[in-house]
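Each chain is listed here by its residues.
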Amino acid sequence: MIWQLTSPWSPLVAPLIFALLLQAPFSHPSTITQPNFVLLLADDLGIGDVGCYGNDTIRTPNIDGLAKEGVKLTQHIAAAPLCTPSRAAFLTGRYPLRSGKWHQGVNCESRNDHCHHPLKHGFDYFYGMPFTLISDCQPTETPEMDRAFRRKLWISTQMIGLITLTAVLGRLTGLISVHWRTLTCLAAFSLLFFISWFSSYGFVRYWNCIMMRNHGITEQPMVTGRTTSLILRESISFIERNKHKPFLLFLSFLHSHTPLLTTEKFLGRSRHGLYGDNVEEMDWMVGQVLDAIDKEGLRETTLVYFASDHGGWLERQEGGRQLGGWNGIYKGGKAMGGWEGGIRVPGIFRWPGVLPAGTVIDEPTSLMDIYPTVVHLAGGEVPQDRVMDGRDLLPLLRGAAAHSEHEFLFHYCGVHLHAVRWHQKDTGAVWKAHYMTPIFSPPGAGACYDRGVCQCFGEGVAHHEPPLLFELSQDPSEAKPLSADTEPLFDTVIRKIGRAVEEHRRTLTPVPEQLSVSNVVWKPWLQPCCGTFPFCWCDKEGDNKLADL
């Protein structure tokens with residue numbers, strides 16, 4: 001999927017963090033020329049899935065080439081601080097932006113208000129999925145959402161039906177005074193929810209798996225066999241159209257998120273089944289984008305960045321197939337709080353002539369650093385009215401700074417602080433304290449296989465007092481927790497991290513919970529629909545192809 005914005009780029013915060021951009025004044029940086037920006041973000045790619053990070057069985061020559069020609073980060077962290085409005089920021093300016101999976105929804109109060117749409121948040125152009133990618137989107141895969149979705153919808157239908165019945169009985173018995181017009185509206189809502197529940201059998205693909213261009217729906221449901229080619233075509237076309245002016249291209253891949261949409265020519269090519277095929281196809285797409293940059297003579301004037309939103313999803317299995325990624329030597333995976341396997345991700349920068357080729361940096365960095373780095377290079381200024389968690393990486397990338405500016409990084413699972421990392425710069429030690437960790441199931445497993453995904457709080461986590469402490473530079477696999485008996489600095493480190501947590505929490509502003517019950521309950525009247533709801537269907541990409549013939 002693709003977006004466009006008249007500006008540089010955004011911070012990466014919590015689960016999907018490339019969506020926030022900030023109003024900032026622009027001037028020309030005094031030291032180096034403003035580059036173009038190409039930001040490439042994989043989805044659920046494990047750090048162990050890429051050749052330049054140690055994988056010798058999945059072929060990723062184009063990503064590996066980026067690392068050889070640029071800077072590879074070995075402690076690039078995907079987890080971000082709790083995202084609150086005091087942190088959030090939007091950037092508008094002079095750079096067109098295009099990007100991928102929006103994942104933030106579309107509407108607030110009506111089907112056409114588009115309050116959550118990219119065009120309402122600083123973007124000039126959008127092409128892609130407004131929602132997330134689920135197995136239901138691929139007709140040949142086992143649905144993952146239908147059952148849970150129908151259960152929630154049925155509960156909503158029962159609740160509104162009970163309210164309607166109570167109101168009618170109250171009116172008939174005279175116990176409560178309710179206008180007949182109100183009863184009619186309640187009855188209509190009950191009927192609407194019942195029709196939606198009844199229609200949901202097989203309709204999830206039609207309601208969730210859609211493609212949009214700006215405010216218009218182009219495919220409902222999406223035709224998965226051509227999604228990859230359409231996204232790639234949009235990306236290359238954007239580079240060609242904007243080659244004579246500064247631009248920012250953000251391509252957020254559907255790869256390697258399940259259901260692992262993979263075109264036929266890549267099926268069966270890897271040694272790791274469908275997942276490996278999917279990763280190799282994504283690497284090919286990276287190569288196509290890089291070729292387009294070279295073809296237009298933009299290689300020396302373009303900063304390219306490649307990363308993943310978090311680690312591989314270990315629990316994602318089906319039958320005997322492993323559909324999630326591999327996180328190398330690191331413990332845990334996607335949605336496991338502070339465990340390293342879920343938050344340490346690939347991080348590669350290339351800018352020929354500016355960044356030294358073949359450099360490896362073993363310092364803590366974060367996806368949040370992209371925002372201040374790009375703002376600086378674009379000649380902007382980060383906001384001064386809030387705490388900015390990201391740091392400008394350019395001095396570190398160019399070799400002008402020996403150490404990362406990050407001293408502490410806070411690792412959340414939802415709104416719950418699970419772990420804190422302390423970079424002790426004078427010694428090079430990287431301490432990490434876990435205040436809570438997910439309880440793996442079955443016992444002795446390395447993930448939450450019984451649940452399919454780990455929980456962030458409640459009975460699904462274990463609380464640690466004192467916290468579990470690791471020194472990552474000596475124990476990157478987090479295999480040997482330290483104690484006061486085995487580590488002389490144990491108490492000192494725990495106290496230092498504890499004070500940092502207190503200071504961090506003072507900088508946060510409480511906000512309404514975005515994943516509250518009222519927000520997650522499906523509201524049929526907000527559903528984007530190409531047609532007459534609930535019978536939503538269109539294929540404008542196919543219609544355009546026929547028109548071209």
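Residues numbered from 1 in each chain as written. Predicted model: local features only at pLDDT ≥ 70, side-chain atom pairs only at ≥ 80, totals over all residues. Heavy atoms only, no water.

Draft legend 1. Spotlight on the overall build of the protein. When helices and strands are tallied, the protein shows 12 helices and 22 strands. In the protein, buried positions account for 56% of the 549 residues. For the protein, contacts bridging at least 24 residues in sequence account for 72% of all contacts bridging at least 6. Of the accessible surface of the protein, which amounts to about 23,800 Å², a share of 57% is contributed by carbon and sulfur atoms. (Helix = DSSP H or I, 4+ residues; strand = E, 2+ residues; numbered from the N terminus. Buried < 20%, exposed > 50% of the residue type's maximum accessible area, 1.4 Å probe, protein only. Contact = heavy atoms within 4.5 Å. Areas by Shrake-Rupley, 256 points an atom, 1.4 Å probe, with all protein chains shown as cover.)

Draft legend 2. Inspection of the pairing of strand E9 (residues 216-220) at higher detail. Counted residue by residue, E9 has four buried out of five residues, so it is predominantly covered. In textbook terms, the turn of a hairpin is the stretch between consecutive antiparallel strands, and for strand E8 (residues 211-213) and E9 this stretch comprises two residues, one of which, asparagine 214, has a positive phi near 55 degrees. Pairing of E9 with strand E22 (residues 538-539), which is carried by two bridges, proceeds in the antiparallel orientation. Looking at the pairing, glutamate 219 lines up with aspartate 539 of E22. (Pairing = 2+ DSSP bridges.)

Draft legend 3. Structural context of a nonpolar patch on the surface. Taken together, the side chains of Leu165, Leu169 and Leu172 define a hydrophobic patch exposed on the protein surface, amounting to about 310 Å² of accessible area. Inspection of the secondary structure puts leucine 172 in helix H2 (residues 146-173). For leucine 172, a relative accessible area of 59% puts it in the exposed group. (Patch = residues over 30% accessible without salt bridge, like charges linked within 9 Å, V, L, I, M, F, W, Y side chains within 5 Å. Salt bridge = Lys/Arg side-chain N within 4 Å of Asp/Glu carboxyl O.)

Draft legend 4. Main features of the packing of helix H5 (residues 224-241) against helix H6 (residues 273-295). Closest axis-to-axis distance for the H5/H6 pair is 9 Å, and the angle between their directions is 20 degrees. What the angle tells us is that H5 and H6 run roughly parallel. For the element pair H5 and H6, the recorded crossing hand is right-handed. Packed against H5, whose contacting residues are Thr228, Leu232, Ile236, Ile239 and Glu240, the element H6 presents Glu281, Trp284, Met285, Gln288, Val289, Ala292, Ile293 and Lys295 at the interface. Of the residues contributing to the contact of H5 with H6, the split by class is eight nonpolar, two polar and three charged. (Axes fitted to C-alpha atoms, helices over the stretch in contact; angles between N-to-C directions. Parallel < 35°, antiparallel > 145°, perpendicular 65-115°, else oblique. Left-handed = near helix turned anticlockwise from the far one by under 90°. Nonpolar A, V, L, I, M, F, W, Y, C, P; charged D, E, K, R; others polar.)

Draft legend 5. Just helix H8 (residues 370-377), in detail. For H8, the tally of buried residues reaches seven of eight residues, placing the bulk of the element in the interior. Turning to H8, its buried residues number three or more, namely Ile370, Tyr371, Pro372, Thr373, Val374, Val375 and Leu377. Positioned one or two residues after H8, glycine 379 has a phi angle of 85 degrees, which is positive.

Draft legend 6. Region of interest: the packing of helix H1 (residues 61-69) against H6. Viewed as axis vectors pointing N to C, H1 and H6 meet at an angle of 55 degrees, and their least axial separation amounts to 7 Å. Classified by the angle their axes make, H1 and H6 are oblique. Contact residues: H1 offers Pro61, Asn62, Ile63 and Leu66, while H6 offers Met282, Asp283, Trp284, Val286, Gly287 and Leu290.

Worth remembering: the numbers are spatial, not functional.
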